[in-house]
Amino acid sequence: MTKPGSPGPDYDVVISGSGLAGSAAAILLARRGVRVALLERRSDPEAYKVLCTHSITANAYPVLDELGLVPALEEAGAVHNDARWHTRWGWIEPNAPSDGPELPHGYNVRRSTLDPLIRSRAVETPGVDLLLGHRVTGLVREAGRTVGVRASTPQGEREIRARLVVGADGKDSAVAKFAEAPTKRYENGRFGYLAHFRGLPLPGGTGQAWFLEPDMAYAFPNDDGVTVLAVLPDKKWLPAFKEDLEGSFLEFVRALPEAPPIDSAERVSKIIGTVDYPLHTRRPTAPGVALIGDAALTSDPLWGVGCGWALQTAQWLTDAVAPAATGLREDLDKALTAYARTHRRRLTGHQQLAADYAKSRPFKAMERLMFSAAARDTALARHMYLFAARLIGPLRFLSPVAVVRALVVNVRTRSY
């Protein structure tokens, strides 16, 4: 309900950020009759996120399907993202021959392909207005509640009112800052750099990661024959990388076990990265405000979960608030409480484990148990894949049945 004497809302929902989370939420909400303003600070509709793992984990496949994006991704050459992981006990091979069913998959696809694709679908959705060149500079509040945003636009400052403001504007979210969202910050003991290559074959065309305890690396094949190769070393190696970025990057890759043939590949991008990437967990709601994607929770990029959680949180928010977004304030508050509860229940355990491993340390005892057994047992390798794809949570991953099986596997091989 609108306060007597105050202007009515221009939209039901205003979303800051037209990337993956924001565009997905706009599409899903508008399909349910919600009027959406989708704000994008950049003026180019083809803009995309540059620093990204370019991986959509399998947990988000149902959201892609609901959005109707699967055929378009297949046509664009997105690669089904299976995986193999190197450990000190050998390779974990979830897709080794098995009697089990085919494992679910997500996609590896460059953001230069993905972001314009989903944004164009948002533009085509009735009920969505894409407002380019709109940068949120503040929130409009009445009686302790957010009722809109102030934005800098090519035409000057503008106020846009809405029943709900959604922050889908990334780890440095302006909406979260202006809403003063309570935030937990976790230090990351690694830094990261990545580059795109052509002519970089991977065994079986399968994405792979190296757990070097504590250093990390991964290589993911993407659309158009491009492979994204990333290194995530412990910060003790940072001075060498600062002194000679290209030389240090190449040396690190060459030293990987069964390293990809980087010297014969063509690098088709700059080497880009960040020397400090902390993890953030924010309270995802406030009166009249919701946060999705990295704005609500920024995890460690080494796990490649950001895209998947961006899509999932957009869906969770839509399911919770769509029925109330056009109606009574009291119903919307209850819906936001439901969204916050889902967000906390589904992601807190994953984030706690990620924050602990971000300390850049060797494996702990339970990790040694599960990783070593997964390198020796296909069923446990498949179990680990389900967890890495965020299709199961930590409690199921470390269930008594799984732990006992890991113990039996390792006892049979004498040590771990």
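Residues numbered from 1 in each chain as written. Predicted model: local features only at pLDDT ≥ 70, side-chain atom pairs only at ≥ 80, totals over all residues. Heavy atoms only, no water.

> Where do I start with the overall build of the protein in this structure?
The number of helices and strands found in the protein is 13 helices and 22 strands. With the principal axes as the frame, the protein shows a C-alpha extent of 75 × 45 × 40 Å. Expressed as a percentage of its 416 residues, the buried residues of the protein come to 56%. Within the protein, contacts between residues at least 6 apart in sequence are counted, and of these 74% link residues at least 24 apart. Total accessible area computed for the protein in this model is approximately 17600 Å², and 53% of it derives from carbon and sulfur atoms. (Helix = DSSP H or I, 4+ residues; strand = E, 2+ residues; numbered from the N terminus. Buried < 20%, exposed > 50% of the residue type's maximum accessible area, 1.4 Å probe, protein only. Contact = heavy atoms within 4.5 Å. Areas by Shrake-Rupley, 256 points an atom, 1.4 Å probe, with all protein chains shown as cover.)

> So what exactly am I meant to see when it comes to the pattern of salt bridges here?
A side chain of one charge can pair with a side chain of the opposite charge when the charged atoms of the two come close. Under the definition given, this model contains 27 salt bridges. Among the ionic pairs, Lys49 bridges to Asp294, the shortest N-O distance being 3.3 Å. Residue Lys49 is located in the loop between strand S2 (36-40) and strand S3 (55-56), and its partner Asp294 is located in the loop between strand S21 (289-291) and strand S22 (297-298); the two are separated by 245 residues in the primary sequence. Owing to a relative accessible area of 15%, Asp294 belongs among the buried residues under this scheme. Taking the shortest distance from any N to any O, the salt bridge between Arg111 and Asp115 comes out at 2.7 Å. Taken together, the residues Arg111 and Asp115, both in helix H4 (residues 111-124) and four residues apart, mark about one turn of the helix. (Salt bridge = Lys/Arg side-chain N within 4 Å of Asp/Glu carboxyl O.)

> Please explain the side chain of Asp234 as it appears in this structure.
Mapped onto the elements, Asp234 comes out in the loop between strand S16 (226-232) and helix H6 (238-243). Within the structure, the side chain of Asp234 is placed 2.5 Å from the side chain of Ser360, a separation counted as a polar contact. (Polar contact = N/O pair within 3.5 Å; in protein donor to acceptor, adjacent residues only side chain to side chain.)

> Help me understand the sheet that holds S3 in this model?
The strand order S3-S7-S4 describes an open sheet built from three strands, whose pairing is antiparallel. Each edge of the sheet is formed by a strand with only one pairing partner; in this case those strands are S3 and strand S4 (79-80). (Pairing = 2+ DSSP bridges.)

> Mind showing me how you'd approach the confidence of the model for the protein here?
Scored by pLDDT, the protein has a mean of 95; 98% of the residues are at 70 or more. A low-confidence stretch, residues 1-5 (pLDDT under 50), is modelled with seven contacts involving residues beyond four sequence positions or located in other chains. (pLDDT = per-residue confidence, 0-100.)

> Before we go on, may I ask you to explain H4 in this structure?
Owing to its 3.6 residues per turn, the α-helix brings residues three or four apart onto one side. Over its 14 residues, H4 runs 20 Å from end to end, which matches the ideal 20 Å to within 8%, given 1.5 Å per residue. All buried positions along H4 are accounted for by Arg111, Leu114, Asp115, Pro116, Leu117, Ile118, Arg119 and Ala122. (Expected span 1.5 Å × (residues − 1).)

> How should the state of the cysteines be read in this particular structure?
Chemically, a disulfide is nothing more than a covalent bond linking the sulfur atoms of two cysteines. Under the criterion given, the structure shown has zero disulfides. Among the cysteines around Cys52, which has no disulfide bond, Cys307 carries the closest sulfur, lying 3.7 Å off. For Cys307, a relative accessible area of 3% translates into the label buried. (Disulfide = S-S within 2.5 Å.)

> I would appreciate a short explanation of the layout of surface pockets in the present structure.
Empty space among the atoms can be located by rolling a probe the size of a water molecule over them. The space that makes up the second largest pocket amounts to roughly 760 Å³. Around the second largest pocket, the lining is made up of 42 residues, and of these Phe211, Trp303, Phe387, Ala388 and Arg390 lie nearest the centre. Sorting the residues of the lining of the second largest pocket by element identifies strand S5 (83-87), strand S14 (207-211), strand S15 (216-221), helix H9 (329-357), helix H10 (365-374) and helix H11 (378-388) as the ones contributing at least two each. Broken down by element, the residue count for the lining of the second largest pocket peaks at five residues, all from H9. Partitioned by chemical class, the residues of the lining of the second largest pocket number 26 nonpolar, nine polar and seven charged. (1 Å grid on protein atoms, 1.4 Å probe; cavity = no way out; pocket = protein on both sides within 12 Å on 5 of 7 lines; lining within 4 Å. Points joined across faces, edges and corners; volume = space filled by probe spheres on them. Nonpolar A, V, L, I, M, F, W, Y, C, P; charged D, E, K, R; others polar.)

> Explain H9 here, please?
Its 29 residues give H9 an end-to-end C-alpha distance of 41 Å, which sits within 8% of 42 Å, the value for a rise of 1.5 Å per residue. The axis of H9 is deflected most strongly, by about 45°, at Leu347. (Bend = angle between axes of the 7 residues up to and from the residue.)

> Help me out: how do you make sense of the pairing of strand S1 (residues 11-16) in this one?
Two faces, one strand: in a regular strand the side chains alternate between the faces of the sheet. Within S1, six of the six residues are buried, which leaves the element mostly enclosed by the surrounding structure. Taken together, the five bridges between S1 and strand S11 (residues 156-167) define a ladder with parallel strand orientation. Opposite Val13, over in S11, you have Leu164 as the bridge partner. Relative to S2, S1 runs parallel, the two being bridged by four bridges. Bridge assignment links Ser16 to a residue of S2, and that residue is Leu39. Between the parallel pair S1 and S2, the chain is carried across by helix H1 (residues 20-31), and the sense of this crossover is right-handed. (Right-handed = clockwise from strand over helix to strand, strands pointing away.)

> I would appreciate a short explanation of the sheet that holds S22 in the present structure.
Remark on secondary structure: sheet strands pair via backbone hydrogen bonds, oriented parallel or antiparallel. An order of S12-S19-S22 is seen for the three strands of this open sheet, with the pairing classed as antiparallel. Only two strands of the sheet have a single partner each, and these edge strands are strand S12 (183-186) and S22. Strand contacts of H9: S12, strand S19 (279-282) and S22, with the helix running at about 155° to S19, the strand carrying the most contacts. (Axes fitted to C-alpha atoms, helices over the stretch in contact; angles between N-to-C directions.)

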